[in-house]
Amino acid sequence: MGNKQTIFSAQQLDAYQSYVPFQRLFSRYRDLAPQLVPLDYTHQPDVKLPYELIGSMPELKDNPFRQRIAEVFSEDGEGNMTLDDFLDMFSVLSEMAPRDLKAYYAFKIYDFNNDDFICKLDLVKTLNKLTRNELTEDEVRMVCEKVMDEADMDNDGRLSLEDFQHVIVRAPEFLRYRHTPQ
Amino acid sequence: KPTSGRKRRRRRESKKERKKDEGRGSRNAQHAVDSGERTEKERQRKRRKDREEKAEHVQSLDKSKVNSRDFEGEGEDEEVEEEEEEVEKEVRPETLTPEELEKLKEAVDDKKKLIQALRGKPWPMKKKHSTLRESQEFLEKYEGALGKGKGRKLYAYKVMMNKKWMKFKRDFENFTTACIPWEMKIKEIESHFGSSVASYFIFLRWMYGINMILFGLTFGLVMVPEALMGRPYGSMPRKTVPRAEETNAMDFAVLWDFGGYAQYSVLFYGYYNSQRAIGWLKFRMPLSYFLVGVGTVAYSYMVVIRKMARNANETGGGDENSFNFSWKTFTSWDYLIGNPETADNKFASITTSFKEAILEEQESRKDDNIHLTRFLRVLANFLVLCCLAGSGYLIYFVVRRSQKFALEGFENHTWWERNEVNMVMSLLGMFCPMLFDVISALENYHPRVALQWQLGRIFALFLGNLYTFIIALMDEINLKRKEEDVVQFNMTMWEASLHNNTADNSTAPPLFTHPADVPRGPCWETMVGQEFVRLIISDTMTTYITLLIGDFLRAVLVRFLNYCWCWDLEAGFPSYSEFDVSGNVLGLIFNQGMIWMGAFYAPCLPALNVLRLHVSMYLQCWAVMCCNVPQERVFKASGSNNFYMAMLLVILFLSTLPAIYTIVTIPPSFDCGPFSGKARMFDVIQETLESDFPAWISKVFSYAANPGLVLPFMLLMVLAIYYLQSTSKSYKEANVELKKKLQMPLPPPVVAMPTKERPPGTQPGTRGKVNHPGCRESRARRDGDEDVRVCEREDLCSESNMRRHAGNLGWLTSGQNI
């Protein structure tokens, strides 16, 4: 903002503008660490913001899944995000992203061990993060069993992407719960 | 013929060279084909292709003259994993055969679709960039080529215009999103309070939009023409304040009651003249008045029903209970929350909701004492009915009393007695819902059911009150009409007396009496309009005052008295109030109902409502952020969306009924309004048809209004509704069937599994030995020389176990190894 000139090649701008409100997001990215992020992106500098900075953004700060979100969208899987990863993340989280895209990424987020399936352990971790460990073990176990019962179509003890999408597509609230930063 | 899958570099040459090249090209292509067939590895082919390209390049450089556009694309393609079609690259369209042209067109279309769908693909940004770049280059290279010879420039121009149009559309969409009023405010509220509270404000904004349109209609087509082109104030008896009231016509108290100068203005029905056409534009005022009245109702119906249809589409009619726990787990976190306090509340509410669901799941149908519960529920309903009857009678009594006061003249009574009706209605609206809340504790329902009962009862309360109010109003109207006969008689007497006075000189100049002195006929329509306006004003005031006292004052007290109080005020008894979503929504809906009812008699009502909603928006936004705390039990915003719309529709229907009744049955006052002098208000249509339209139209209408035509038409519509309903029912059933099919396995005798590879062990004709990989009833067996899990106990499988035999659904799961 102000009189700082951000420098991107016209081609880059054009490419980015197709999917995200670019200028706004870039200024947010830069504001997280002004000394790390250069203004001149034409040479595609290799800049990664560490997870701690990303996790401190107001949109993500209170989210119990922020670590997983950062891990899913970051290149190195650790949560350190380049500009591309950052844009990716917010383009999926925005209201404009289609439902299937959100479902795909939601699946990845809930898959803690990154094995392309949501197994019981993943469910337990999800539940604990969601309730901040307030449910007893028995209750957690019961809920996970119910979820498996409801959603696991091929009965292999874990949820695949298709099972997950099958469940999510019918959920009335799923579409509403994502947003872009202002 | 040249194969697909190869990229080539070619330069455009002159016609002579082209022929040669063609020959060479096909030869090279043939060579390439042969080479392609010979090698199977991609790398080898690539190497060879590179070599060939180099050879071609050298050759074409030698032989050709470059004198036209260069169609070089990038030669290297690194996307080895792409399944993108790479069509034959003979870039001279004249030399392409129709099939190649088709293929090229298809490829171009595919690329275009790919670019458009790029947003929705779950690829990392780098991959999106490279795909986008590649597709764009491909398009640039070949789109132009597809244009036929002479039209090529036009084609390129079209392409460029298309791109510009896309950009313009995108910018326009961004602009329109930025233009939505109050978006930032609502987003802020959403992040603090969750989506249920925000849904109230979104509903308020939507109502504001509707009211703006209604305001535009009434203001632009009724009030402005009359103000600009009608006879001005004071020119006619009906437009002037009567002499008797002149002294206090300007008093604030009178104006606040919408008497005095406010009454004799464009704000109310009585001011309008029944002259058929006014001004130099010959504006048909009565017709316009009537049509605007009808139009506001029609527009409202259209908008509400369209919104309902859209909501119904979105929810899609899913079954709520089949994925209860899964939805709670995966979708209950509200990603819109950006505030730690709200986040804490959300965590707590999620935990509570899980515990509730677990409890419900654990306690199986335990009706401890169904008789007691039933008795209590009947008792509760009885109490509620008593309440409703009592409140109805109270209003009736109060209205009767105020009629008596009106006859005696309002000046003799206190302020309370003058505004009794409105005050009583507002107070009832405030206290009865609380009473219902207490009574509903007897019923012991599930909270969601209890909330619906509560909403239903409050709805009935408001309806009952409103209708009692209207019936009282009808009494007043009848009174006024009786008065009319008396007044008419009096007026003839008065005119006769005037003429008598001038009977001496028969050629006297026309007598001039000031319009204020002319005796006036009673005007029940204006009275009705005034009543509605007063009701709305008092309702608004009550709401704002309740807001200020109930929320703001309470918050101030809790905050500051907490320092010197024995118990913790913030956590304990009063604490801060929560935002009452359902109460506020109901209030909004009922207010809108009153607007619809009264808009015909008081054209100022939509304007008043617009102002009111505007102020409400800001006031309530401020109050919510300042004095309210987020709810503890988060109210599901989605489920009730259509519930509110349905109530709005019911209110719309019920509120247009009285207006329609009065229009159709009661004759208009003879001395005021645009329909004075007519037998019925809708006669204006008849009159317009006769005088303004050619003769044949009125004949057509008279035929159309013939009962012989109308009745069969109605019968047809009833049949159409019945047909549509039965098809929709059959669709729903088909839907349910298909859903069941998704969950149940294919029936056992079906042995042809629709997967490409059969899992080992199943051959056609193996009855009863179907492979159920996840089946608990199956056992490992040696079938031939393979290990196979075979289920032999299907006949014993119960319904509940059927779901577990889902291994046959290989076509749903992709590539699962058994």
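Model, not experiment: these values are computed from the prediction. (Residues numbered from 1 in each chain as written. Chains lettered and ligands numbered in written order. Predicted model: local features only at pLDDT ≥ 70, side-chain atom pairs only at ≥ 80, totals over all residues. Heavy atoms only, no water.)

(A) Just the overall build of chain A, in detail. Counting its regular elements, chain A contains ten helices and zero strands. Ordered by position in the sequence, the α and β elements of chain A form the string α-α-α-α-α-α-α-α-α-α. By the burial criterion, 54% of the 182 residues in chain A qualify as buried. Expressed as a percentage of contacts within chain A between residues at least 6 apart in sequence, the contacts between residues at least 24 apart total 56%. Taken as a whole, chain A presents about 8100 Å² of accessible surface, with 49% of it coming from carbon and sulfur. (Helix = DSSP H or I, 4+ residues; strand = E, 2+ residues; numbered from the N terminus. Buried < 20%, exposed > 50% of the residue type's maximum accessible area, 1.4 Å probe, protein only. Contact = heavy atoms within 4.5 Å. Areas by Shrake-Rupley, 256 points an atom, 1.4 Å probe, with all protein chains shown as cover.)

(B) Fine view of the nonpolar core. Counting residues in each nonpolar core, the largest one holds 101 residues, and the members touching the most others are B:Phe201, B:Phe203 and B:Trp206. Residue contributions to this core peak at 14 residues, all from helix H7 (residues 195–229) of chain B. In this structure B:Trp206 touches B:Val303, B:Val304, B:Lys307, B:Met645 and B:Leu648, once residues within four positions along its chain are discounted. Core analysis: the next-biggest nonpolar cluster, separate from the first, contains 63 residues, A:Met57, A:Met89, A:Phe164 and B:Phe330 among them. (Core = buried A, V, L, I, M, F, W, Y, C linked by side-chain atoms within 4.5 Å.)

(C) Just the UniProt feature "domain: EF-hand" (unreviewed entry) in chain A, in detail. UniProt marks residues 98–133 and 139–174 of chain A with the feature "domain: EF-hand" (unreviewed entry), using the numbering shown here. In this annotation, residues 98–133 of chain A is assigned 67% helix and 0% strand; the end-to-end C-alpha distance for the span is 32 Å. (UniProt positions renumbered as here; feature names shortened; annotations may be inferred.)

(D) Region of the structure containing the pattern of salt bridges. Counted according to the given criterion, the structure contains 15 salt bridges over all chains. In this structure, B:Arg534 and B:Glu531 form a salt bridge, with 3.2 Å as the shortest nitrogen-oxygen distance. Placement of both B:Arg534 and B:Glu531 in helix H17 (residues 524–561) is noted, with a separation of three residues, approximately one turn of the helix. Linked by salt bridges that have partners in common, A:Asp138, A:Arg141 and A:Glu145 make up one network. (Salt bridge = Lys/Arg side-chain N within 4 Å of Asp/Glu carboxyl O.)

(E) Up close: the state of the cysteines. All chains considered together, the criterion is met by one disulfide over all chains. Note on B:Cys626: no disulfide assigned, nearest cysteine sulfur contributed by B:Cys627 at a separation of 3.7 Å. (Disulfide = S-S within 2.5 Å.)

(F) Spatial organisation of the packing of aromatic side chains. Residues and elements named next belong to chain B. For the structure shown, the criterion picks out 34 aromatic pairs over all chains. Aromatic pair Phe552 and Trp622: ring centres 5.3 Å apart, planes at 50°, arrangement tilted. Taken as a pair, Phe552 in helix H17 and Trp622 in helix H19 (residues 605–627) lie far apart in primary sequence, 70 residues in all. Relative to Tyr601, the ring of Phe600 lies with its centre 5.3 Å away and its plane at 90°, an arrangement referred to as edge-to-face. Judged by its relative accessible area of 2%, Tyr601 is buried. (Phe/Tyr/Trp six-rings, centres within 6.5 Å; stacked < 30°, edge-to-face > 60°.)

(G) Broad picture of the environment of A:Phe112. All names here are of chain A. For Phe112, the location among the structural elements is in the loop between helix H7 (99–110) and helix H8 (120–131). Classification of Phe112 by relative accessible area gives buried; the value is 16%. Separated by 13 residues in the primary sequence, Phe112 and Lys125 place their C-alpha atoms 7.8 Å from one another. When neighbours within four sequence positions are excluded, Phe112 is seen to be in contact with Arg68, Asp122, Lys125, Thr126 and Lys129.

(H) A look at the packing of helix H2 (residues 22–32) of chain A against helix H6 (residues 83–93) of chain A. Residues and elements named next belong to chain A. Running from amino to carboxyl end, H2 crosses H6 at an angle of 125°, the nearest separation of the two axes being 10 Å. In this view, H2 runs oblique relative to H6, as classed from their interaxial angle. Here H2 runs over H6; the crossing is right-handed. Along the contact surface, H2 presents Phe22, Leu25, Phe26, Arg28, Tyr29 and Leu32, while H6 presents Leu83, Phe86, Leu87 and Phe90. (Axes fitted to C-alpha atoms, helices over the stretch in contact; angles between N-to-C directions. Parallel < 35°, antiparallel > 145°, perpendicular 65-115°, else oblique. Left-handed = near helix turned anticlockwise from the far one by under 90°.)

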